[in-house]
Amino acid sequence: MLSAVATTTVLVVEDDQSIRETVAEVLESEGFKVLSCTNGADALDQITNKASTPIDLLVLDLMLPGVGGLDLCRELRRAGNPTPILVISARDSETDRVLGLEVGADDYLVKPFGLPEFVARCRALLRRAQQVSTLPQQIYSHADLCLYVNERRVTSDDRDLNLSPKEYKLLELFIQNPRQVWSRDQLLEKVWGHDFVGDTKTVDVHIRWLREKVEVEPSSPQLISTVRGFGYRFG
C-alpha cells in the first residue's frame, strides 16, 4: 500500500464548504498535504503555475462556478498534464460518469460516498501514477506523430494534440500495430472493452474525430485508411 507522506499534495476543488472541509480533514488525517479552492480557474492556476506547490492528485467536483470540472479536465489533458484526477459528483447517471472519464478523469465517485472508499480511491490513483513515473519512457512515432505512452500525450510537428481518452487509445493501438487491419468489433473489444453495449457505429464516429486531429486532409486520410468490407488500417 502506498504510504502517504507530507510531500504528497492533494488539491481539493469543491465549492460546497462542508464537503470540502470534510474531504480535506480526512486526507490530512491520512498524512497527505491538502490544498483547496472553490472554482476551476483557481485550480487551473494552482496546477499549471510553476511557482506553486506541485499537485500529485486532483479531487474535483464537476459543478463549479466559472470554469466547470469538465472544462478543467479537458484543459489539463489538452495541455498534456498527467495529474491524476478523481471526480466527486452528485451526477450519478451512466452518461455523466462516461463523460467524466472521456474528458480525462481517471476515476469517478458519486456523492454521497463513504470516506474509507474515497481514501482508497485516492491511494489507488497515486499508486498507479507512481508506478507509471518509474517506467522507462515509451515513445512511438510515425511520420510527424509522436505518442508518449507514459504521459498519455500525442504531438504532431511538436504540437500537442487534444485527444479524448478513446481517441488516444485508438491511436495507441494503431501506432503500435502499423499496417494491421482492425474490424469494428476488434476495435470495440480492444478500446471499449468486452462489456461495451452499443452500436459499432461509435467506432466510425471516433475514427472520424481522430482523423480530424491527426490527418492533414481528413477527407483524404493518409494515416488511417478504410479497408472496405474489413475495417481500418494505420500506416
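Throughout, residues of each chain are indexed from 1 in the direction in which the sequence is written. Given that this is a predicted model, residues contribute local features only at a pLDDT of at least 70 and side-chain atom pairs are listed and counted only at 80 or more, while totals for whole chains, interfaces and linings are drawn from all residues. The basis for every side-chain value is the complete set of heavy atoms in the structure, and neither hydrogens nor water enter the calculation.

Thoughts on the overall build of the protein
Counting its regular elements, the protein contains eight helices and twelve strands. For the radius of gyration, the atom set is restricted to C-alpha positions; the globular benchmark scales as 2.2 Å times the number of residues to the power 0.38. Against the 2.2 N^0.38 benchmark of 18 Å for 235 residues, the protein shows a C-alpha radius of gyration of 19 Å, consistent with a compact globule. For the protein, the C-alpha atoms occupy an extent of roughly 55 × 35 × 35 Å along the three principal directions. Any residue under 20% of the maximum accessible area for its type is buried, any over 50% is exposed, and the rest in between are partly exposed; the area is computed with a 1.4 Å probe on protein chains only. For the protein, the residues scored as buried account for 43% of the 235 residues in total. Carbon and sulfur atoms form 48% of the exposed surface of the protein, whose accessible area is close to 12,500 Å². Charged residues are defined here as Lys and Arg on the positive side and Asp and Glu on the negative side; His and the ends of the chain fall outside this count. The atoms used to mark charge sites are NZ of Lys, CZ of Arg, CG of Asp and CD of Glu. Counting 27 positive and 35 negative side-chain charges, the protein places the averaged centre of each group 6 Å from the other. Numbered from the N terminus, helices here are DSSP runs of H or I no shorter than four residues, and strands are runs of E no shorter than two. All accessible-area figures derive from a Shrake-Rupley calculation using a 1.4 Å probe, and residue coverage is judged against the displayed protein chains alone.

Quick word on the confidence of the model for the protein
Known as pLDDT, the predictor's confidence for each residue is given on a scale from 0 to 100. When pLDDT is averaged along the protein, the result is 88, and 95% of the positions lie at 70 or above. Scored below 50 in pLDDT, residues 1–6 makes 15 contacts in the model with residues more than four places away or belonging to other chains. We call two residues contacting when some pair of their heavy atoms lies within 4.5 Å.

Quick look at the sheet that holds strand β2 (residues 33–37)
A pair of strands is labelled paired if DSSP reports no fewer than 2 bridges between them. Within the open sheet, the five strands sit side by side as β2-β1-β3-β4-β5. Their pairing is parallel. On the outer flanks of this sheet lie β2 and β5 (107–110), each paired with one strand and no other. When the angles between neighbouring strand axes are averaged without regard to direction, this sheet yields 20 degrees. Two elements, strand β1 (residues 9–13) and strand β3 (residues 57–60), share four bridges in a ladder whose sense is parallel. Pairing of V12 across the sheet is with V59, part of β3. Axis definition: a line fit to C-alpha positions, over the contact stretch in the case of helices; interaxial angles, taken between N-to-C directions, run 0 to 180 degrees.

Some points on the nonpolar core
If you look at the biggest cluster of nonpolar residues, it comprises 25 residues, and the most contacted ones within it are L171, F174 and I224. Where this core is concerned, the elements lending two or more residues are β7 (145–148), α6 (165–176), α7 (184–192), α8 (201–214) and β12 (231–234). When residues in this core are grouped by element, the largest group, six residues, is from α6. Dropping the residues within four chain positions of it, F174 is found in contact with W182, L187, I207, L210, I224, Y232 and F234. In this text, buried Ala, Val, Leu, Ile, Met, Phe, Trp, Tyr and Cys residues form a nonpolar core when linked through side-chain atoms within 4.5 Å.

Some thoughts on α6
To estimate how far a helix should extend, the number of its residues minus one is multiplied by 1.5 Å. With twelve residues, α6 ought to run about 16 Å at 1.5 Å a step, and its terminal C-alpha atoms sit 16 Å apart, in line with that. By the criterion of burial, α6 is predominantly enclosed, with nine of the twelve residues buried.

Regarding the sheet that holds strand β10 (residues 181–182)
Taken in spatial order, the three strands line up as β10-β12-β11 in an open sheet, and their pairing is antiparallel. Whereas interior strands pair on both sides, the edge strands pair on one side only; in this sheet they are β10 and β11 (224–227). Looking at chain direction, β11 and β12 are connected through four bridges and run antiparallel. Following the sheet pairing, V227 is matched in β12 by G231.

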